[in-house]
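Descriptive analysis of the structure
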There are 2 protein chains.
Amino acid sequence: MFSKACEYGIRALIFIAMKSSKDERVGNTAIAIAIDSPSAFTAKILQKLVKAKIIKSVKGPYGGFEISEEGLHQTKLTAIVKAIDGDAVYNRCGLGLSECSALKPCPLHDKFKAVRADLKTILDATTLKELASQLEDGTAFLKL
Amino acid sequence: MFSKACEYGIRALIFIAMKSSKDERVGNTAIAIAIDSPSAFTAKILQKLVKAKIIKSVKGPYGGFEISEEGLHQTKLTAIVKAIDGDAVYNRCGLGLSECSALKPCPLHDKFKAVRADLKTILDATTLKELASQLEDGTAFLKL
DNA sequence: TCCTTTATATGATAAAAGTCATTTTTTCTC
DNA sequence: GAGAAAAAATGACTTTTATCATATAAAGGA
């Protein structure tokens, strides 16, 4: 569904979000351990998210990554996926046809449109805050 | 959503299905041209589909690939995707967690479950016959 | 039987995605 | 300021996925 980079990215963000709601910054190494991801790769993804203004990074001692209170509530999954994977997930033809469109649809066009709209609706209705809360109250997990 | 192999595979099958409903066999080269795919790669995918008993191949002159009348009506997209991509699409955790389950869910587990169930329902309700018909009556296209 | 046609099998190559290692820059603390 | 901590940047490497090329096997027709 998503690229690996995107999976790691979402996981990292959920973790950062949880920390940020306790006003704690968290470094790349700690993130990688917490979400069980290769740390160098994770760093690259985090940079993308910084550039997309989804998280903020602070250099130097006691530095790390953080999300503002505003960001916690306003950042939707759609934005995250778009920042990492682009909007191929939402637009790309399910059968890989470059010319596929409403006017000249592939045989699966309409069916896929429905699924995708569904997915987008869900991603757009989910904030980081919501996901982080699940982690905090133990209803969901990122790691065994 | 699907791998490229799977995209090509579905396209090829729709084309074969259309030909088979006119009782015509079609060869690898013709398929590759019709669906605009690399022919050698397509051949490999077709072999997988032969092994999965989704299509039948006939060697020699006037040979090629075909689908039985029964197959046209009974082959669902779920089976095709499963034959090529395995069942990762249906089972794999959306965040890539190997331990994700109903008991120990990732924060997106339930939301994804819904989308995926949706997708599966659609794929399971779609037969090759149906898709091929769209091609025949010009309501859908595989190529510009 | 031999030649042609077409599928099958296998191995090599290319491109993309993912991972690792190293260096540079920033900023805090002393 | 000097040193240490941490992010940012860069480039190389590995693995996976996709693609190409070649050789083999089967079947029909002359």
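Below is a short write-up of the structure. Every value quoted in this text rests on a predicted model; they were computed, and no experiment measured them. (Residues numbered from 1 in each chain as written. Chains lettered and ligands numbered in written order. Predicted model: local features only at pLDDT ≥ 70, side-chain atom pairs only at ≥ 80, totals over all residues. Heavy atoms only, no water.)

Right, let's talk about the packing of helix H2 (residues 28-35) of chain A against helix H3 (residues 39-51) of chain A for a bit. Residues and elements named next belong to chain A. One way to put it is that H2 packs onto H3 with a least axis distance of 9 Å and a crossing angle of 115°. Considered as vectors, H2 and H3 are oriented roughly perpendicular to each other. Judged by the twist between their axes, the crossing of H2 over H3 is right-handed. Counted together, Asn-28, Ile-31 and Ala-32 of H2 and Ser-39, Thr-42, Ala-43 and Leu-46 of H3 form the full contact between these two elements. (Axes fitted to C-alpha atoms, helices over the stretch in contact; angles between N-to-C directions. Helix = DSSP H or I, 4+ residues; strand = E, 2+ residues; numbered from the N terminus. Parallel < 35°, antiparallel > 145°, perpendicular 65-115°, else oblique. Left-handed = near helix turned anticlockwise from the far one by under 90°. Contact = heavy atoms within 4.5 Å.)

Residue and element names in this part refer to chain A. In this fold, Thr-42 is placed in helix H3. At 2.6 Å, the side chain of Thr-42 forms a polar contact with the side chain of Ser-37. Reaching out from Thr-42, the side chain makes a polar contact with the backbone oxygen of Pro-38 at a distance of 2.7 Å. Once you skip the residues sitting within four places of it in the chain, Thr-42 turns out to touch Asn-28, Ile-31 and Ser-37. (Polar contact = N/O pair within 3.5 Å; in protein donor to acceptor, adjacent residues only side chain to side chain.)

The next point concerns the pattern of salt bridges. If the charged atoms of two oppositely charged side chains come close together, the side chains can form a pair. Considering all chains together, one arrives at 12 salt bridges over all chains under this definition. Two residues, Lys-111 of chain A and Glu-130 of chain B, come together in a salt bridge whose shortest N-O distance is 2.9 Å. You can see Lys-111 of chain A sitting in helix H7 (residues 109-124) and its partner Glu-130 of chain B sitting in helix H8 (residues 128-136), one on each of two chains. Each of the salt bridges in this network shares a partner with another, and the network as a whole consists of Arg-25, Lys-56 and Glu-66 of chain A. (Salt bridge = Lys/Arg side-chain N within 4 Å of Asp/Glu carboxyl O.)

With that settled, the discussion passes to unusual backbone geometry. Despite not being glycine, Tyr-62 of chain A shows a phi value in the positive range, around 60°. Relative to the assigned elements, Tyr-62 of chain A resides in the loop between strand S1 (56-58) and strand S2 (64-66). One non-glycine residue, Asp-36 of chain B, lies in the positive phi region at around 60°. Tracing the sequence through the fold places Asp-36 of chain B in the loop between helix H2 (28-35) and helix H3 (39-51). A relative accessible area of 54% places Asp-36 of chain B in the exposed class. (Buried < 20%, exposed > 50% of the residue type's maximum accessible area, 1.4 Å probe, protein only.)

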